[in-house]
Structures are given as C-alpha cells and as structure tokens.
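Structural characterization, general
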4 protein chains.
Amino acid sequence: MSEIRVGIVGATGYTALELARLLLIHPQASLVAATSRSDAGKPLAAVHPCLAGRTDVVIETLDPASLATRCDVVMCCLPHGASAETVQQLVKAGSRVVDFSADFRLSSVDVYQQWYKVDHPWPERVGKTVYGMPEYFADEIRKADVVANPGCYPTSAILPLAPLVRDQLIDPVDIIIDSKSGVSGGGRSAKVAMLYCETNESIAAYAVGMHRHQPEIDDLVGRISGHTVETLFTPHLTPMDRGILSTIYVRGRGTADEMMECWKQAYADSPFVQVVEHLPATKHVAGTNFVQMSARDAGSRVVLLAAIDNLSKGASGAAVQNMNVMFGLPETLGLA
Amino acid sequence: MSEIRVGIVGATGYTALELARLLLIHPQASLVAATSRSDAGKPLAAVHPCLAGRTDVVIETLDPASLATRCDVVMCCLPHGASAETVQQLVKAGSRVVDFSADFRLSSVDVYQQWYKVDHPWPERVGKTVYGMPEYFADEIRKADVVANPGCYPTSAILPLAPLVRDQLIDPVDIIIDSKSGVSGGGRSAKVAMLYCETNESIAAYAVGMHRHQPEIDDLVGRISGHTVETLFTPHLTPMDRGILSTIYVRGRGTADEMMECWKQAYADSPFVQVVEHLPATKHVAGTNFVQMSARDAGSRVVLLAAIDNLSKGASGAAVQNMNVMFGLPETLGLA
Amino acid sequence: MSEIRVGIVGATGYTALELARLLLIHPQASLVAATSRSDAGKPLAAVHPCLAGRTDVVIETLDPASLATRCDVVMCCLPHGASAETVQQLVKAGSRVVDFSADFRLSSVDVYQQWYKVDHPWPERVGKTVYGMPEYFADEIRKADVVANPGCYPTSAILPLAPLVRDQLIDPVDIIIDSKSGVSGGGRSAKVAMLYCETNESIAAYAVGMHRHQPEIDDLVGRISGHTVETLFTPHLTPMDRGILSTIYVRGRGTADEMMECWKQAYADSPFVQVVEHLPATKHVAGTNFVQMSARDAGSRVVLLAAIDNLSKGASGAAVQNMNVMFGLPETLGLA
Amino acid sequence: MSEIRVGIVGATGYTALELARLLLIHPQASLVAATSRSDAGKPLAAVHPCLAGRTDVVIETLDPASLATRCDVVMCCLPHGASAETVQQLVKAGSRVVDFSADFRLSSVDVYQQWYKVDHPWPERVGKTVYGMPEYFADEIRKADVVANPGCYPTSAILPLAPLVRDQLIDPVDIIIDSKSGVSGGGRSAKVAMLYCETNESIAAYAVGMHRHQPEIDDLVGRISGHTVETLFTPHLTPMDRGILSTIYVRGRGTADEMMECWKQAYADSPFVQVVEHLPATKHVAGTNFVQMSARDAGSRVVLLAAIDNLSKGASGAAVQNMNVMFGLPETLGLA
C-alpha cells in the first residue's frame, strides 16, 4: 500500500507538534503539508525546533481545495467554531478529516450551542459524525469522512466509566470525576495564566462546575452504555508538561475487583487499554498511547484511577489511531 | 517578656527546617537546641545549608532532662510511636511540648492502634490532649503541657468542613476529599519513590481508601461539629515542593454562597483563614500560614476548595501559632 | 521614628510582588500606593492573589506629584527608558526613588545608548547616580535622591569578582561568567517563550555574547576595583521559579582558599554575603537576601560559584536593603 | 535477517529503562533477558511500571554463560569496576557486549586507576576497546566484541570539540566546558541528595575540578584530533528529568560561522548530529538521539552550545546506535 499523505491544519500548537512527531516515525504515513494563519512561509521546524532536520515542510496558508488534492487525510487542529467551518470546506473539497475540536463530538446542536456559546457552522453533521474512539466505534471510523477526535479529559473518563455503566455495576448519576492535567492542555498561546511562574509549584482547580468536557463525558458514556449519565467533573492544572490523571468516585453494586474484571473483558481486544494492579501515575504513560486503569475499594464507594498522556492518547496519538483505522492499517501502527 | 527558648527534637527533616526558619525570624522566640540520632555533632546549618550563617546551634543527641532545663517548649518532630515515648519523657522532665506526630491527635486508643499498627506508649493521654488548631481549641492550648499539632491533610479538610457540618449545611456522611500534596509531605528519608525522577512530571494517587489522615479528619470534624462524620479521603502526590489543595465534594442544603457566608462568620476572628472569591492555588499560600478557601455550586453538589502550605499551616507554621497561644503572645507573631 | 511610606510604580510584575511581600512584613515601612497603566482600579491583591487579605492598596494610574506627597520613597519597577522619564518626574516632584531599571546603572551615556538602543531621557544623571549595592556604596546611598538598584545577574557576578580584581588576585580580562537563572527573571508579560511548556524540562542559553548585563558587570567591577575589566557573560534560562547561580572561571595568582580569604575580609561587615565551604545551590538562598559564595581550584584556573535569589537580593530584597540605608535604619531590617 | 536478541545486565536503573523502551520499538531487535541482583524474580514491568503490558521479561540473576547462549548482544549497565568483571565473563562466554560503564573508555590503565580509585579487573583490554561513537569509530565498532558506550557529558563535549581541534580552529588547551544535566544522570539509587525536594527549584555545580568525565573528554578529543587537549569541565545538576546542555568557551583562529561550517563538513554523514542556527535547548532533543549544536561569537572567544538527551544519545540511544552498527543495520534503525 502506498503511504498515507497527511496534512495538518493549525500546525503551531502542542497537539500539532505531537502529531508531527508521531507522523515522522509512522511507517505508512507521511506529513506533506501544514497550515497556520500566523506563521505561513516559515519552515515547520522553525516553529518547532525539535523538528530540526527532520522535515522540510513549510507552513502555508490554508487552501482547502489544494490540501484536498495533496492529502489523503487532514488533521484539523483549530479551535471550536473555526474548526467546523474548515472541516466543511475540506470535506466538500474531497478530504477525509480528523477534527481535534469539539465541534462534532456531541449528539445535540442545542447542547453544543449552550456550552460553547456559538452558532454551529455545520449543524447537519452534529450527531451524525463518529466519535473517534476505536475502542467503541471502529466500524464507523473505518468508513467515515469526518472523525471527531475525543477530548483529552473525556478519554480518561469515558474509557473507565462506559463498561461499568453499561454492565450496571455503578450508579450512573452519582459519579464524581476529579481530573488533574499537565499544562500543555492549556495550549500554546501567550497568556499570563500559562506562564511558567504562574503554574509552576502550584496546583489549582479551574472551571469548577462549568467545564465543557462534562457534557461530552455524559453524552458519550450515555451513548455507549444506553443509560442516562450525570457526572460532576472538576479539572485541575498540575505543574507538569503532559499527562492526565482522573480519580473517579463511583458507588454501585460491585467491588473494585469486579470492576477490574469488567474492564478486562470489555477491553480484551483494545491494545491501548491496560488494566493494572498498581496505582497508575501519569509518568507511566507519558509519551505513549496507553491508558492505565485501576480500581480500589474505599468504604461504600469505589475509586477508579485512569492515567493517559493528554497529548498522545488524549489528542494526537488517538488521531493516529483513528487514521490507522480509517485506512485499514493495524490500529497500533506507529504507536507502539 | 523574655524570649521563649525552643528546642527541636528530630531536626533533620523538612518540617524541622521550616520550623527553624520560622523561629529564626520570630521576634519573641529563639532556637536554642536541636537533636537528631543520625547527625549529632554536626552544626544544624551543615544539615540544612540554607541556614548557613544564621544559627550556631549544633545538633545533639536527645537528653530529655537536659532539654527540659534549657527550653521553655520542645517541638517534637519524630515519627509516630517514637514520638509518644519521647513526649512522655519530656513532659515528665518538665517540658511543654508541641508534638508533630499523630500520637495524640485521635480520641480513641483503639482507633489509633487499628490505623497505626503499634501499641501506644502513653495511652492515658490519648483523648485528653488538645488538638492544636487554635481556630477551635485556643483556650485549651493556652494551658496545655502537650499540644498535638494537626496533620497536613486534616488541616486542609477540617477547616472548611467543620463549620458546615456544625451548622448542618451539608450531609456529614457523603463527603469526598480529593487532596493533592507537594512532595515534601513525603519526608526527607532516602526512598526511591521520593527521587526527583520518580515524582517529577507525574501525578498519582496513593494509599487509596487507607490513609491514616482519614480517621483524623472524621474524628475532629465530628468533635467540633457534634455530628458523626464519614469521609472518603484520597491523597495524591503532585510534582511540586510544597502545598496542599483539597477539593471537597459535599451535598447539602446550602448553596456555595451560603457556605462561604458560614465560613466568614465561623472564622471572623481567625487571622489565618481567608475566604476568597477566586479559586485558590497552592502558590497563593506558599510560604505563609494562611488557608485560602472558596466554594462553587456544581449541579446537585457543592465543591469546596482549600489551599495551604503543607510545611507551614500544615505543620511548622501551625506549631508556631500554637506556641504563640501557649505563651500568651499574639497568635500571628512571627507569622505574618 | 515614624513609618516609611512606600509607593510602587509598575506594580503588576514579579519583582513588584516580591517587593510588596517584603514591605508587608517590614517593621518600619508600609506600602501606601501602587500604580500600573494596565490594572488601575483593581485591588493590588486581585492582581496578586497571594496578597489576599493582607493589603487594601488599590492600583492607581501614575501621578508623580501625588505620589511624591504621599510617599517617602518610590520604588520604580518600569522598563528601561520609560523608567528614567518617570524617575525624573518623581524627583522633580520631591520623591526619593529606588529605580529597578538599568537607566542609571552605567557610567556612560554612550555605552547605555549603544546597548539599550534608546535615547536616554535624563542623560545628566547618568554616571552621577549611586549604584545601589550597599556593600560598596552605602555612604552615597544614605544621602541619594535616586538609587540605581543593581541588575540580578550583575549582583551575582560583581560581589565575587570585585574584591578579587581589586586585590589583583585574578586577571581582569580573562573572566568567563556562565549564569543560570530561574524563569521569573523573564518577567510577567504574556510571551510564548515564557510559557510553562516552553521552559519546563529544558535548559538553554540566550542572548549569547550580547546580554546587556555584561557592560554593567564590567563597568561596576571596574569602578570598584580600579582596573579595566572585560568579561564574557552567558545567561541561561533554567526550569525553576527563582534563583541565579553564576559559575565564574578566572585565572590568576591565587588559590581558591586565598580567594575565599579575600572575600571574608572584604565582606566582614556585609551581613548578606556568606562565604561558605559547601558548593552553593540556589535553593539554599531562595526567599532570602543572602548571596552564598564559594571557590574551587580547577587546574590552572579557579572556579567561583555564587548563588542568589534573583527576585530578592537580585531585585526587591536589594531595594529594601537600599531603602534601609537611605533612611538610616539597620541594613538587615525586615530582611533577616 | 533474524532478530537481534538483546539482554540487559543491571536492569533497574533509568538507562536500562530507556534501553528497554527503545528495544521494544526496534524493528530488528528484541529484549529477551534482563538481570538484576536486587529484583530477580520480579517481572521487568513491575520495576518499571511504564513497561506494563509491553514485555513479559522476568528479571533473573546474572549467569553469563546462560546469557551468552540466549543473546546476540548484552547491554551491561553496571557501575564501573563491577562492569569490567562482568564484561570479561560475558566475552569469555561468547557474548558481544555494549558496556555502559567507564571501564573501557580511557586509553590508559593508570589514568583510569587514578580517577576511579579501583584496580581494573581486565587491564589488558584498556586502550584496546573501541569507543562507541559511530561518528568516528564505526569501522571498529562493526567488528568489536566489546564497545565502550560513551559517557553522557563527554558525548556533548567531544562531538562539538573534536573536529575544531583537529582542524586547528581552536586552542586545544584553553577550553572551558560548563555542562548542565537533568537529574536522571544521578541514577536511581535511594540517596537524599537525589530526592525531589533537594533538587527541585535549584541549580548547583558538583564535583568541581574533579569529575571523572574530564579525562574522558581530554582523552577522546585528543585521540580523534591528534592534539593534546586540556579542558576544564564543570557539571551542574538542573531541575529536570533529562537533557544535557554543554556551553563551551573556546578561543581560536576561527569565527562562529567557520566553526559551524567545519561541523557541517565533519558530520555530513552523521545522521544524529544537527548543526542548527537557533540556540539549542535540551527540550528540542528530549526523547531523541540527536545532538543539536550551534556557535556564537563573543568578544575574543567563541561560545559553542550542544544539547543532547542524556538518557538517549548520552546513553541508551547511543547503545542502540552502536548495536545497529555492530550488526550491519542502518545506523538510525529504531531511533528516528
């Protein structure tokens, strides 16, 4: 099979960098184009010095028709709103697209507009776009023109929760998700709050009771399990580059051991889901596409723990995994 | 009034260093002795190079009778079990003592022995020693010979929870405490798990469902509020030197605003408790004796957030605060 | 004596925050005003949440005449160029000023304009303003209306070098200064290069062969020693909040021990200079106004090591030390 | 060609972990055995949780004869002294070996014994073992039974210095190397000095004037260039997991541009050496086998800057690169 030609739209951020790194070592894909409004004309390696000597790609301004000709798949790393508009243009020009934004993740346009406070540019496709989690939706991903790449926090919550709710091991409306993320989740734009001296040596919650990943978690766990789900989700900023640990408090009919057993069965064919005996640390999965999950009994509740790399399984690794599925390649190619 | 002469027993760890720093700038106290089994004979400043040129104290082996003669108060920074034994000797030799260990914090010898897995060397004093939280027990601290200095995590949980349970604003048996601590909480002994490259760039839970600070929290919130309390407490190790953030999930009759109002009244005369509008970060209180607390509504629950410096308000700052109360000084002396 | 009333101009950065912290614990000074172009109208504690509950000062727009009336001394934390202009206005309105910028540090207007690429707004005062290093210029500082607060890197280089050059122990034109600074030295403005994920887990040199602190070091070591000095200065950005370590390679007639002896004599009356046997680490002086210095023989050269806290002795601690001298207080007041 | 079967001796440290990671993704090698005195009987993934689910190797006690039968090459990660003894046994049992220790790096037994303070267990091979730097010694590596894998600091110094000395662009006896390393260079044994709270938020020099990598640098740059070389080498511990930046001060006949040109020619066929225009940061090469080098004019000297990942190009990546050369594979296989 010939190489998959990949383009990246919005190539200056951290997820785009991680994506470029993964594509440069992928045996069946090659990075052929990268776009950015702000840095067009510069070599991609000038914007990301760790790519020095590894790619000749020069950043260009976005021309959907041209990209569609030169790429088999486009990875769209734009912010919500802007992304849906570009995805629509790319699809109409004939591209297959993996969309990193939240624009096509939710089932409902109303919920989207309520949480994201913008009109959706392509509402017809909301609820009709596959959620890019091959652990559950590989068949649809295989034939999709657009794949909605999952959010970072949702990945760390949906994977442990979905099978437990589906198998009715836990109460679907008494779930507390306390998530801790590295700073790269906040993006690469120049904001005082993301400066080294603001976030280093400090941990804090943010967006308490109002983070947009909460409806995404509820929607997806609901869709996968067939039950109505209500979670309380609280994200925290942690002084490290990458990684998400979600500590999830559930109540139910099962013990921690039974929940681990449920996971082992649910994910027997999922190469990136690891059910482990030890308590997962984000360092154990840094730079990998794995999620490590474990469970512990604690009084009348069970505590679930799930660790991912927010830039890999939480973003760009998942995108490559989706690309592999879209093009009929082994799911793990270039990711092991 | 003449200076308070202070001795430190177990002077080589991080809490002892923080204590030495605080005593060196205290206008009415002076550090006159320091003991350690392992480093006797060395200048204290050789073990803690940041004290270079600031103290002439030489580490000695522990002699309770001698210490009692030369000190008005002894700060005992030994591990549990060993501490109770030494505290007993010091008291019998005539010292007043602030004990940093857990040995005299709980109400019940049985609960102590169940969680700490040792026989208590001085069981008569368990349940009869004041808990060193001047926000609640200043009168008893004033006349105490032994003060049980609070645990770091418990401080960050008891202060927000106690008034809410007492005023029946929250359900006392549906409380989840998700705490994140800097690495100094793990002490200064040579363990692989505490190496830089093990804990840096990583966050992980530990002792899930079985940390000894859980019974301490339940006991104290119960004592202060007059209600039976059951919490689920999960500590996490966070890649930073110092700081604890506790994210506490409660359910009850009140809104976040009502809970903030309850705190403002409860702590109107407590100079170190700050009820703040912003979401507290551990960096905001690093190096201070303050606790910053805030609350947010989140669906059917309220999320409480409390940040302290684990080495200061969570250990040595609290000890100095207790010392100030014991000797009739203003509570904030040397701590503002 | 009545309290010194202090105003801060340019109050939103990290040096201003450190200054506010120091003033809040100073027994003879009080912070009475703070100005900023961008945040006028906000409480100072809203811009710096770690000041919550500790100061009522509200940020105002700069009015030199008004400030001069209400303050005994103004600390000016503006960038170079802008600072000289404001300092001139403040002095004309009757203030005494400690200037944190480089505008009045150098001896020569030409050298200033060559390195800083701006016309100097008040050239008459260049070369006639005292350099705020009380270890050498206390007499002039005492009566000065303007004190040029030293640069952070220069402090870590001038203190070890000046006495050695003066006593002709080292060759004054074969000096290499390799300095490593924490990220707070880069300021608090929103720049991509200062984001957490750019600087964390990385060390790099910057401004090699062209950093503006090099002429300041050469000028001051020259002035103090009476010899022409030429250094090669290379700064590095290090993943930590605060601290500067300067590793200085010199060649000369003396051994490391002789150089340490020279320092001990030169700084016998300088309470913040510590000549130590151990190799200094920035952590040993973090949060203090001390410099720790040591020397080691290494083949035909001697390696000098000096550690300071860039925000304290390298900026705001030095400013308070200067203020103490200006107002006839003990040099260490509020800084021990 | 069939897979190269690899064994790791001394498998519990950070270099061994990095090696295991690299071997698990290498297309032509497989990790078949791992030994350790302390953890025999445990799965390798229990000692290194980030290997969970990725390898079934169980740690065994070292049996050289058995290893030699089952492995085509053994990677020996033991400390100096112990390593030479084991290497000798392995070679006699028929293994090819990559030795991570310093035991076979130097030319002279006397210099070895002077700096390492031990008798050399196999002195006959000192000076007759190839130094594992394929950029210079690929032909000998190809046929070697033992390859002395380079030290981490030396790699960052030899690569920039050797061609400049050889081409007489710099003075070979006026070279100052100021190196900054991440903490993983200090190993994984339980020492107080390597605890998180000792090294975090701090930078310090160590072993000034007496680090064992200095004779290695002098020896190798001398061997490659044909000139007698004397450097002054000072290592620093930097608060980050991995990475080395060496800032090298040289004096000579050439400009920075001429030195960059010399490098480009010298390393035209060296896929891992990158001569870059920007100032290298350790983050740019983290997790890769690249060295990034640049040069800048600075007065009468030139400043050379070289960044590597100490665990990869500074240890395990170099070992895999050597293995590739030993077995006739493309030098970059599994490392791009």
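Basis of the calculations
- Residues numbered from 1 in each chain as written.
- Chains lettered and ligands numbered in written order.
- Predicted model: local features only at pLDDT ≥ 70, side-chain atom pairs only at ≥ 80, totals over all residues.
- Heavy atoms only, no water.
- Pairing = 2+ DSSP bridges.
- Helix = DSSP H or I, 4+ residues; strand = E, 2+ residues; numbered from the N terminus.
- Right-handed = clockwise from strand over helix to strand, strands pointing away.
- Least-squares fit on C-alpha atoms with pLDDT ≥ 70 in both.
- Contact = heavy atoms within 4.5 Å.
- 1 Å grid on protein atoms, 1.4 Å probe; cavity = no way out; pocket = protein on both sides within 12 Å on 5 of 7 lines; lining within 4 Å.
- Points joined across faces, edges and corners; volume = space filled by probe spheres on them.
- Nonpolar A, V, L, I, M, F, W, Y, C, P; charged D, E, K, R; others polar.

1. Some thoughts on the pairing of strand β5 (residues 96-99) of chain B
Residue and element names in this part refer to chain B. Two elements, strand β4 (residues 73-76) and β5, share four bridges in a ladder whose sense is parallel. Bridge pairing in β5 links Cys-76 to Asp-99. Crossover connection from β4 via helix α4 (residues 82-92) to parallel β5: handedness right-handed. Pairing of β5 with strand β7 (residues 146-148), which is carried by three bridges, proceeds in the parallel orientation. Bridge assignment links Val-98 to a residue of β7, and that residue is Val-147.

2. Thoughts on the relation of the copies chain B and chain A
Under the fitted operation, chain B is carried onto chain A by 0.0 Å of movement along the axis and a turn of 180°, and the coordinates agree to an RMSD of 0.0 Å. Those values place the two copies in the arrangement expected of a two-fold rotation axis. Measuring from the rotation axis to each C-alpha of chain B, the shortest distance belongs to B:Pro239, at 3.2 Å. Interface residue correspondence from chain B to chain A reaches 100%, placing this contact among same-surface, isologous pairings.

3. Brief notes about empty space enclosed by the protein
Under the counting rule described, the total for this entry stands at three cavities of 30 Å³ or more. Considered as a void within the structure, the largest cavity measures approximately 70 Å³ in volume. Taken together, 15 residues make up the lining of the largest cavity; nearest its centre are A:Asn200, B:Tyr196, B:Asn200, C:Asn200 and D:Asn200. Looking at the lining of the largest cavity residue by residue, the classes come out as eight nonpolar, four polar and three charged. Computed from the structure, the second largest cavity encloses a volume of approximately 40 Å³. Of all the secondary-structure elements, those providing two or more residues to the lining of the second largest cavity are α6 (134-143) and α12 (312-326) of chain D. At three residues, α12(D) tops the list of elements feeding residues into the lining of the second largest cavity.

Read these as geometric descriptors, not functional statements.
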